[in-house]
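Structural characterization, general
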Amino acid sequence: MMQQVLNYIGGKLGPAAGGQWLEGHAPGEGRVFTHIADSDRQDVDRAVEAATQALPGWMALGRKRRHDALMRVADLVERDLALFAAAESRDNGKPLHLAMEVDVPRAIANLRFFATAILHWESEAHLTDDEAVNYTDRQAVGVAGCISPWNLPLYLFTWKVAPALATGCTVVAKPSELTPLTTHMLAERCIEAGFPPGVLNIVQGTGPKVGAAITEHPAIPAISFTGGTATGARIAATAAPMFKKLSLELGGKNAVLVFADCDFEEMLKETVRSSFSNQGQICLCGSRILVERSLYPRFRAAFVERVKALRVGDPGEQSTDIGAVVSEAHLNKVLSHVALAKEEGGTLLCGGDQVRLGGPLAQGWYMAPTVIEGLGPGCRTNQEEIFGPVVTIQPFDTEEEALQAANGTRYGLASVLWTADGRRMHRMARQLKSGIVWVNCWMLRDLRTPFGGMKHSGVGREGGREALRFFTEPRNVCIKL
Ligand code: NAD
């Protein structure tokens, strides 16, 4: 019997109204293991209706009781952390230990962080001399649409849904059709926790059917989206003429800048991680590594040696560094980028190929971690997002040259800077055109900080107060004294 991934609408789990199903694959095994509700506009309409009905009650519940409800769900996810991690690893192909240590703990943290943040959130007041007092009243924007991607499935789903719910919005959410299993499990925990029906609705299915219906729905005034830049542009084109609030977290082509004065061992360890964590399928991964020329030969030798030692293997094994990439189509896309890099004159220092494992994993979608050199900053390989276990390395001579290369793409999500020079840290951090700059670290997250990208990496910011602001409508009340 296949595991079914169902819609969660009005507090109940059920199939799509049209009775259609999608096949869900386990990337590590390359075979179907779930049937996913293949929903359409009718299901979205039902979800919006449920969310609209639940909205006044959820808003009126007040922040303390909304906090309590979210905390109960978080506790149940924590109780079942191992089950969630196993499901996430099987659905996505990521190493189980990563799901145990990062994905699921972070999903729990998202729920708890925003449940608590809302208790401590303040609003502004402005005294207009002796004439008037103004205060800012922030109320939930209404029914929020939340659309999330496959790379960090439950982690990014809860990153949107938790602030929306905390502020008093009700939600119609759509996870990626490639990795929906843990959101189905979350819905089961919501039911067990007695979460009020209709407050959170999850509609399973594809982007063109469910995602588009959410974006177009006139009763959804705000859309929070994380995914590819092309999809973000489509969503913006639909939502902008309807004057919806939009938060778009999109693609990246992040640069890692390595200066010769850095702590070499720490930099090396973290750069392997920032390149290949989650098979390179994290929007924050550094895919263009720029190294000061005097350090380049040492870096090149040590980095390639470390990358060759990474173990591509069974996502369930503790010793596995690199699991499967998310789908056969994505594997082929990443491999086509490697072919392009070769055409452009790049040299493969390691990897470049699909990896075939044995036994039950023989049909899985595995790829060797890949390092390419010999390409300049302007080529397609260094301009287009690959979103897989592929990085390029390039030497640079001056700070200006490194900055120009780092900033020289249409993206601007994250940058990583390795240097011991404090003045350089500040100087460069101010000039790097990305929403996030990590100095001597990577993926060190504080959920209170603004999170998001510049240029084609997105519009708006998530995290902390930014997220609470997005899901509320500020209204100024001016009272004459
Ligand atoms: P995607 O754009 O293909 O899909 C993302 C979500 O949008 C999925 O749920 C999908 O079903 C839905 N969707 C697809 N077409 C749609 C449409 N026409 N209307 C509405 N929804 C639609 O992206 P993906 O392949 O799932 O994810 C990978 C991308 O996400 C990469 O580009 C990566 O950089 C980006 N990403 C960005 C961040 C960030 O925070 N900036 C985080 C993670 C991933």
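Residues numbered from 1 in each chain as written. Predicted model: local features only at pLDDT ≥ 70, side-chain atom pairs only at ≥ 80, totals over all residues. Heavy atoms only, no water.

1. A closer look at the domain arrangement of the protein
If you check the domain split of the protein, you get domain 1 (3-250 + 457-480) and domain 2 (254-447). For domain 1 versus domain 2, the separation of C-alpha centres amounts to 30 Å. Counting residues at the interface gives 32 residues for domain 1 and 31 residues for domain 2. Interface area for domain 1 against domain 2, summed over the two sides, is near 2400 Å², with a carbon-plus-sulfur share of 60%. It is His97, Trp150 and Ser457 that lose the most area in domain 1 upon contact with domain 2, and together they represent 22% of the buried surface on that side. At the boundary of domain 1 with domain 2, the tally comes to zero salt bridges. Where domain 1 meets domain 2, there are eleven residue pairs in polar contact (both at pLDDT 80 or more). Among the elements of the structure, strand S4 (21-26), helix H3 (81-92), helix H4 (96-117) and helix H5 (153-167) are those that each provide at least two residues to the side of domain 1 that touches domain 2. The greatest single-element share of the side of domain 1 that touches domain 2, amounting to eight residues, is contributed by H4. The residue makeup of the side of domain 1 that touches domain 2, split by class, is 13 nonpolar, 14 polar and five charged. (Domains from an automatic or database assignment. Contact = heavy atoms within 4.5 Å. Buried area = accessible area lost by both parts, 1.4 Å probe. Salt bridge = Lys/Arg side-chain N within 4 Å of Asp/Glu carboxyl O. Polar contact = N/O pair within 3.5 Å; in protein donor to acceptor, adjacent residues only side chain to side chain. Helix = DSSP H or I, 4+ residues; strand = E, 2+ residues; numbered from the N terminus. Nonpolar A, V, L, I, M, F, W, Y, C, P; charged D, E, K, R; others polar.)

2. A short note on empty space enclosed by the protein
Per the stated rule, a full pass over the model turns up five cavities of 30 Å³ or more. By volume, the largest cavity is sized at about 110 Å³. Taken together, 16 residues line the largest cavity, and the ones lying closest to its centre are Gly252, Gly280, Cys285, Ser287 and Phe387. Going through the elements one at a time, strand S14 (286-292) and strand S19 (390-396) are the ones with two or more residues in the lining of the largest cavity. Per-class residue counts for the lining of the largest cavity are seven nonpolar, seven polar and two charged. Quantified by volume, the second largest cavity comes out at close to 80 Å³. Considering the residues around the second largest cavity, the lining is formed by 16 residues, among which Ala406, Tyr411, Gly412, Ala414 and Ser415 are closest to the centre. Taken together, the elements giving at least two residues each to the lining of the second largest cavity come down to strand S13 (254-258), helix H12 (399-407), strand S20 (411-412) and strand S21 (414-418). Of the residues in the lining of the second largest cavity, the class split is six nonpolar, six polar and four charged. (1 Å grid on protein atoms, 1.4 Å probe; cavity = no way out; pocket = protein on both sides within 12 Å on 5 of 7 lines; lining within 4 Å. Points joined across faces, edges and corners; volume = space filled by probe spheres on them.)

3. Overview of the packing of aromatic side chains
Within the structure shown, the criterion is met by nine aromatic pairs. Where Phe470 meets Phe471, the ring centres are 4.9 Å apart and the plane angle is 80°; that geometry is what we call edge-to-face. The buried category is assigned to Phe470, whose relative accessible area is 11%. Among the aromatic residues, those joined into a ring-pair cluster are Phe113, Phe114, Trp159 and Phe451. The aromatic ring of Trp159 is capped on one face by Arg106, whose charged end is 4.6 Å from the ring centroid. Between Arg424 and the ring centre of Phe259, over which it is positioned, the NZ or CZ distance is 3.9 Å. (Phe/Tyr/Trp six-rings, centres within 6.5 Å; stacked < 30°, edge-to-face > 60°. Buried < 20%, exposed > 50% of the residue type's maximum accessible area, 1.4 Å probe, protein only. Lys NZ or Arg CZ within 6 Å of the ring centre and 35° of its normal.)

4. Details of the pattern of salt bridges
For the coordinates displayed, the defined rule picks out 30 salt bridges. A salt bridge links Arg273 to Glu270; its shortest N-O distance comes to 2.9 Å. Here Arg273 and its partner Glu270 are both found in helix H9 (residues 264-276), three residues apart, which amounts to about one turn of the helix. Salt bridges sharing partners connect three or more residues here, namely Arg79, Asp80, Glu188, Arg189 and Glu192.

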